[in-house]
Amino acid sequence: MKYLVKISILLLVLSCLFSCKNSRLGNATREDKNGWIYVHLSGSPADIGYQHGYLVANEIDTLIKVMQYYLPSASGKNWAFYRAASKRFLWKKIDKEYQDEIKGIAEGLQAKGFKYDTLDITALNANIELSQYYVPGLMNKLKPGSGDNKAPGNCSAFIATGSYTKDHKIVMAHNNWTDYIEGERWNVIADIKPEHGNQLLMDCAPGFIHSGDDFVVTKNGILITETTITGFKGFDTTRTPEFVRARKAAQYSNSIDDVIKIMTTDNNGGYANDWLIGDTKTNEVAKLELGLKDSRVWRSKDTAIIGSNFPSDPKLIKEETTFNVNDPSTSPNARKLRMEQLVAYDYKGKLDATGAKTIEGDTYDALHGKTTLNKCVIDGHVEEDPLGCKEWSEGPYFPMGAVQGKVTTTDLANKMKLWAHMGHPGGADFLAAPFFKKHPEYYKTQGKYLRDMKAYPWTLFAAQ
């Protein structure tokens, strides 16, 4: 009899523990759709994090393993270095709300049996600004110039409004360029309904509290995307991380001015971007070019603003970059030429979601006047380019380029909707085995985790 009572008590305790853990999931859901992991997250910061960590646990685990495997060869620093940097100067600069969300992600992972902590999740969120801004800065201190050209060349994007679009409202589009080993896994669409601030619909990598490549639609009508500034140099460990400011700007901005203020306040220079911002309440759009020391804003209700990793402000270019504005052969300048033609001329007055999808999948090389696959096309394919990308220190046929695309408009955003395409927006598949057969030199550093990246169809996602 005593044995039965003990068993009953044990079962009751286990039931309560299981119930308590899973009550944190609330109404959170996950759906796998056309290469994307579509999650709905809501509640307190801790619960949003727990839901994320629990529902996307396997993918977060794999992405961290990819980083642990790949970052030492890509940056010369191991995962312990990034954890230590997170502890030393990042964690104390993260708002408590986002500390709680990061803790929640770690707890969700732990509930699934994975042994990660807040430093792992912080390092994951900050991996770009640490590996490609902080580390190059350390390199330049030891040997001037050795850390140049490490800032990433990620993304082809535009935002247009007024006479440039079919309905005179906003059209925003973006494709994410990154190394395929991680980019093929940049496949989460997150619908986040926090206790405070705006509901968000964004793409992100597994385990990110921010978008990362930055394509965000908010309930208050604010639209945000960006492209990085090639050849940028600068980082301040005493200021707020970019991933924190980016999430805060999306969650708490009610206007373009709010986005600008949040992004420029206590700016650490990490992940220096041209931020493209729109407000569906006014159909005004803007570009915030944000370095560490310099920044500049352009804004209008009748314009088309493009981004392909080139800076525009002469002062910022001179003081904070190694970018060569006069070299037409670089990927940023070649894509700029093509995007200007498409957005400002060919599609002027006709731009809509359909046209935006076509632009983000474009494979015409305006520099050489032909349709092809290389670093110069909007839907980038550096893995097909015999010259590689010297402006990003990438060798011939380096496996990097456009990994996915997103599109929204004023009308779609007002319904909290966006189109998303996993894989090359132009429709080409990347296949790992044939690639390694042609380029075995990359197998040693990428063979364990580089895998096929299939091109799925454009898919419409809507927030709850």
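Given the structure is predicted, the values throughout are model-derived calculations rather than measurements.

**Section: the pairing of strand 5 (residues 188-194)**
On a regular strand, each side chain points to the face opposite its neighbour's, so the side chains alternate between the two faces of the sheet.
Stage number 1. With 6 of 7 residues buried, strand 5 is to be regarded as a mostly interior element.
Stage number 2. Pairing of strand 5 with strand 6 (residues 200-204), which is carried by 5 bridges, proceeds in the antiparallel orientation. Paired with Ile-189 across the two strands is Asp-203, which belongs to strand 6.
Stage number 3. In this structure, the hairpin formed by strand 5 and strand 6 is closed by a connection of 5 residues, where Gly-197 is found at a positive phi of approximately 85 degrees.

**A few points about the sheet that holds strand 17 (residues 459-462)**
Stage number 1. The 6 strands are arranged 12-3-4-15-16-17 in an open sheet whose pairing can be described as antiparallel. At either margin of the open sheet sits one strand with a lone partner, and together these are strand 12 (303-307) and strand 17. For this sheet, the mean angle separating the axes of adjacent strands, direction not counted, is 20 degrees.
Stage number 2. Bridging between strand 3 (residues 156-161) and strand 4 (residues 171-179) involves 5 bridges; their strand directions are antiparallel. Across the sheet, residue Ile-159 finds its bridge partner in strand 4, namely Met-172.
Stage number 3. Strand contacts of helix 12 (residues 331-346): strand 3, strand 4 and strand 12, with the helix running at about 155 degrees to strand 12, the strand carrying the most contacts.

**Some words on the side chain of Arg-185**
Stage number 1. By the secondary structure assignment, Arg-185 is in the loop between helix 8 (180-183) and strand 5.
Stage number 2. A distance of 3.0 Å separates a polar atom in the side chain of Arg-185 from the backbone oxygen of Tyr-449.

**What to know about the pattern of salt bridges**
Close approach of charged atoms allows side chains with opposite charge to pair.
Stage number 1. Throughout the structure, instances matching the rule amount to 27 salt bridges.
Stage number 2. A salt bridge links Glu-284 to Arg-299, with the nearest nitrogen and oxygen atoms 2.9 Å apart. Residue Glu-284 is found in strand 10 (residues 284-290), and its partner Arg-299 is found in strand 11 (residues 295-300); the two are separated by 15 residues along the sequence.
Stage number 3. A relative accessible area of 16% places Glu-284 in the buried class.
Stage number 4. Overlapping salt bridges bring together Arg-24, Asp-47 and Glu-107 as one network.

**Regarding the pairing of strand 11**
Stage number 1. Sheet topology places strand 10 next to strand 11; 6 bridges connect them, and they run antiparallel. Across the sheet, Ala-286 pairs through a bridge with Arg-299, a residue of strand 11.
Stage number 2. Hairpin geometry of strand 10 and strand 11 is characterised by an intervening segment of 4 residues between the two adjacent antiparallel strands.

**Observations regarding helix 12**
Stage number 1. Across its 16 residues, helix 12 extends 21 Å between first and last C-alpha, which sits within 8% of the 22 Å expected from 1.5 Å per residue.
Stage number 2. Looking only at helix 12, the buried set comprises Ser-331, Pro-332, Asn-333, Ala-334, Arg-335, Arg-338, Met-339, Leu-342 and Val-343.

**Concerning the packing of helix 5 (residues 96-111) against helix 9 (residues 242-252)**
Stage number 1. Where helix 5 meets helix 9, the axes come as close as 11 Å, and the angle between the chain directions of the two elements is 105 degrees. Judged by the angle between their axes, helix 5 and helix 9 are roughly perpendicular. Contacts between helix 5 and helix 9 involve Glu-97, Tyr-98, Glu-101 and Ile-102 from the former and Phe-243, Val-244, Arg-247, Lys-248, Gln-251 and Tyr-252 from the latter.
Stage number 2. Among the residues making up the contact of helix 5 with helix 9, the classes are represented as 5 nonpolar, 1 polar and 4 charged.

**Quick look at unusual backbone geometry**
Stage number 1. With a phi angle near 65 degrees, His-168 is a residue other than glycine that sits in the positive phi range.
Stage number 2. Relative to the assigned elements, His-168 resides in the loop between strand 3 and strand 4.
Stage number 3. Residue classification places His-168 among the partly exposed residues on the basis of a relative accessible area of 49%.
Stage number 4. One non-glycine residue with positive phi stands out, namely Tyr-397, at about 60 degrees.

**Here we look at the confidence of the model for the protein**
Stage number 1. Looking at the protein, the pLDDT average stands at 95 and 95% of residues meet or exceed 70.
Stage number 2. Contacts for the low-pLDDT stretch residues 10-20, under 50 throughout, to residues beyond four places or in other chains number 0 contacts.

**Notes on the packing of aromatic side chains**
Stage number 1. Evaluation of the coordinates by the stated rule reveals 19 aromatic pairs.
Stage number 2. Residues Phe-435 and Tyr-442 carry aromatic rings whose centres are separated by 6.0 Å and whose planes lie at 25 degrees to one another, so their mutual orientation is stacked.
Stage number 3. On the basis of relative accessibility, which here comes to 6%, the residue Phe-435 falls in the buried class.
Stage number 4. Here Lys-112 stacks its cationic end above the ring of Tyr-54, 4.5 Å away from the centre of that ring.
Stage number 5. Taking NZ or CZ as reference, Lys-287 lies 4.5 Å from the ring centre of Trp-298, over its face.

**Observations regarding the sheet that holds strand 7 (residues 215-218)**
Stage number 1. Pairing is mixed in the open sheet, where 9 strands are placed in the order 1-2-5-6-7-8-9-10-11. Each edge of the open sheet carries a strand with a single partner, namely strand 1 (29-33) and strand 11. The average angle at which neighbouring strand axes cross in this sheet is 15 degrees, direction not considered.
Stage number 2. Bridge count for strand 7 against strand 8 (residues 222-228) is 3 bridges, and the pairing is antiparallel. From the neighbouring strand, Val-216 faces strand 8, where its bridge partner is Ile-224.
Stage number 3. The strands touched by helix 2 (residues 45-55) are strand 1, strand 2 (36-43) and strand 5; relative to strand 2, the strand with the most contacts, the crossing angle is about 155 degrees.
Stage number 4. Where helix 10 (residues 256-264) meets the sheet, it contacts strand 8, strand 9 (273-279), strand 10 and strand 11, and its direction lies at approximately 10 degrees from that of strand 10.

Rules of the game
Residues numbered from 1 in each chain as written. Predicted model: local features only at pLDDT ≥ 70, side-chain atom pairs only at ≥ 80, totals over all residues. Heavy atoms only, no water. Buried < 20%, exposed > 50% of the residue type's maximum accessible area, 1.4 Å probe, protein only. Helix = DSSP H or I, 4+ residues; strand = E, 2+ residues; numbered from the N terminus. Pairing = 2+ DSSP bridges. Axes fitted to C-alpha atoms, helices over the stretch in contact; angles between N-to-C directions. Contact = heavy atoms within 4.5 Å. Polar contact = N/O pair within 3.5 Å; in protein donor to acceptor, adjacent residues only side chain to side chain. Salt bridge = Lys/Arg side-chain N within 4 Å of Asp/Glu carboxyl O. Expected span 1.5 Å × (residues − 1). Parallel < 35°, antiparallel > 145°, perpendicular 65-115°, else oblique. Nonpolar A, V, L, I, M, F, W, Y, C, P; charged D, E, K, R; others polar. pLDDT = per-residue confidence, 0-100. Phe/Tyr/Trp six-rings, centres within 6.5 Å; stacked < 30°, edge-to-face > 60°. Lys NZ or Arg CZ within 6 Å of the ring centre and 35° of its normal.

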